[in-house]
Amino acid sequence: MRWLPKPARVPLEWAGTLWAGASLAIQGLFTDLQDQLNSGRIDRALLIAHPPNVPNALVLELASQDPRVIPVISAAGETSPAESFPRYAEQGARGLKIHAAADGMAPDSPHFEAAIEAARGLGWPVLLHTGCIHGPLFKNPEYGNAEAFEPLFDRFPEVNFILSHMNLHQPRIAMDLAERFPNVHLETSWQPMEVISEAVRRVGAERVLFGSDWPIGGQNVQVGLNRIEDCLETGTLRLEDAQLILGGNAARLFGISDEKTA
């Protein structure tokens, strides 16, 4: 859809997000995630909170039931991150997610800056939803544009930021930012093999991480894995690159280098 003009793309995005929301009711259970991990031979997975439907407390509880799952908490609804984030860390949380488009708050809002400050103190990576997509799940789609987060990259140079979905329809903007800021990493969900290969060429495999955006799309874990496999088969990725993308980088950023990861 990224090649369509905006007037034609927006109605399709609305339809797609409505379908995705409905599909979650039948394929978004925790047991479904565990099935995906088993079928994809995945050793570790980030489970990311998305309040109010998936609150931080639920993600922490689910992660406690399966050692393969790493909880990532959301900034949404956190009135005092400096107090709550250390408690979440004690319960196993290892990262922060900011979804400005869904929360309807500007990327440079004091709320998000306080959350990033707390994450910095804990050494957490910060995942950012990037990509402008329209639909009922997004209060302000424009807040998803990757370039809107640029002031944060400069203000928090010691924080590792991960651009989820690689800015979706405009991945090269995400790559441009990653080239300019060494603390910016790129995540592969919803991107074709050509974009993944280009990201590796431009910023190095050390700053590209595999992602699926499960449970949206149902089988998107396997789809994402297939795209990495296609890159290997066509020679656009080396085996050592794929190993970093599929686990090595996540192990380093999230502090699980001493644990089995894939």
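Preceding this section is the structure that the text describes.
What counts as what
- Sequence order sets the numbering: in each chain, residues are counted from 1 along the sequence as written.
- Residue-level local features of this predicted model are given only where pLDDT is at least 70; pairs of side-chain atoms are given and counted only at 80 or more, and the full residue set underlies all totals for whole chains, interfaces and linings.
- Hydrogen atoms and water are omitted, and side-chain values are computed over all heavy atoms in the structure.
- Numbering goes from the N terminus for both helices and strands, where a helix is a DSSP run of H or I of at least four residues and a strand is a run of E of at least two.
- Each radius of gyration reported is based on C-alpha atoms, and the globular scaling rule is 2.2 Å times the count of residues to the power 0.38.
- Burial classification: accessible surface area is computed with a 1.4 Å probe over protein chains only, and a residue below 20% of its type maximum counts as buried, one above 50% as exposed, and the rest as partly exposed.
- A contact between two residues is defined here by any heavy atoms of the two lying within 4.5 Å.
- Only the protein chains shown count as covering a residue, and every accessible area follows the Shrake-Rupley method with a 1.4 Å probe.
- Under the counting rule used here, the positive set is Lys and Arg, the negative set is Asp and Glu, and His together with the chain ends is not counted.
- Where a charge lies is defined by one atom per residue type: Lys uses NZ, Arg uses CZ, Asp uses CG and Glu uses CD.
- The pairing criterion is simple: DSSP has to find at least two bridges between the two strands.
- Here the aromatic set is Phe, Tyr and Trp, taking the six-membered ring for Trp, and pairing holds for ring centres within 6.5 Å; pairs whose planes are under 30 degrees apart are stacked, those over 60 apart are edge-to-face, and all others are tilted.
- Here is how to tell: hold the view so the strands point away, follow the path from the first strand over the helix to the second, and if it runs clockwise the crossover is right-handed.

K.L.:
Any chance you could break down the overall build of the protein for me, citing the residues and the numbers?
P.N.:
A count of helices and strands for the protein gives 11 helices and seven strands. The globule rule puts the C-alpha radius of gyration for 262 residues at 18 Å, and the 17 Å found for the protein is close to it. Its C-alpha atoms give the protein principal-axis dimensions of about 50 × 45 × 40 Å. Each of the 262 residues in the protein was classed as buried or not, and the buried ones make up 52%. Restricting to contacts in the protein with at least 6 residues of sequence separation, those with at least 24 account for 64%. Total accessible area computed for the protein in this model is approximately 12,000 Å², and 55% of it derives from carbon and sulfur atoms. Mean positive and mean negative side-chain charge positions of the protein (21 and 32 charges, respectively) differ by 2 Å.

K.L.:
Provide a residue-level description of the sheet that holds strand 5 (residues 161-164), including the pertinent values.
P.N.:
Spatially, seven strands are ordered 1-2-3-4-5-6-7 in an open sheet, and the strand pairing comes out parallel. Only two strands of the sheet have a single neighbouring strand rather than two, namely strand 1 (45-48) and strand 7 (208-209).

K.L.:
Describe in detail the environment of Ala49, supporting the description with residues and values.
P.N.:
Counting through the fold element by element, Ala49 comes out in the loop between strand 1 and helix 3 (56-63). As for Ala49 and Met166, which are separated by 117 residues in sequence, their C-alpha atoms are 19 Å apart. In this structure, Ala49 is in contact with Val54, Pro55, Asn56, Val59, Val72, Ile73 and Ser74, ignoring residues within four places of it in sequence.

K.L.:
Describe the packing of aromatic side chains, listing the residues and the values that go with them.
P.N.:
This structure, assessed with the given rule, holds four aromatic pairs. Each residue in the set Phe85, Tyr88 and Trp124 is aromatic and connected to the rest through ring pairs, giving one cluster.

K.L.:
Got a sec to walk through the pairing of strand 5? Specific residues and values, please.
P.N.:
Both faces of strand 5 are covered, namely the face carrying Phe161 and Leu163 and the face carrying Ile162 and Ser164. Here strand 4 (residues 126-129) pairs with strand 5 via four bridges, running parallel. Bridge pairing links His129 to Ser164 in strand 5. Handedness of the crossover joining strand 5 and strand 6 (residues 184-187) through helix 8 (residues 171-180): right-handed.

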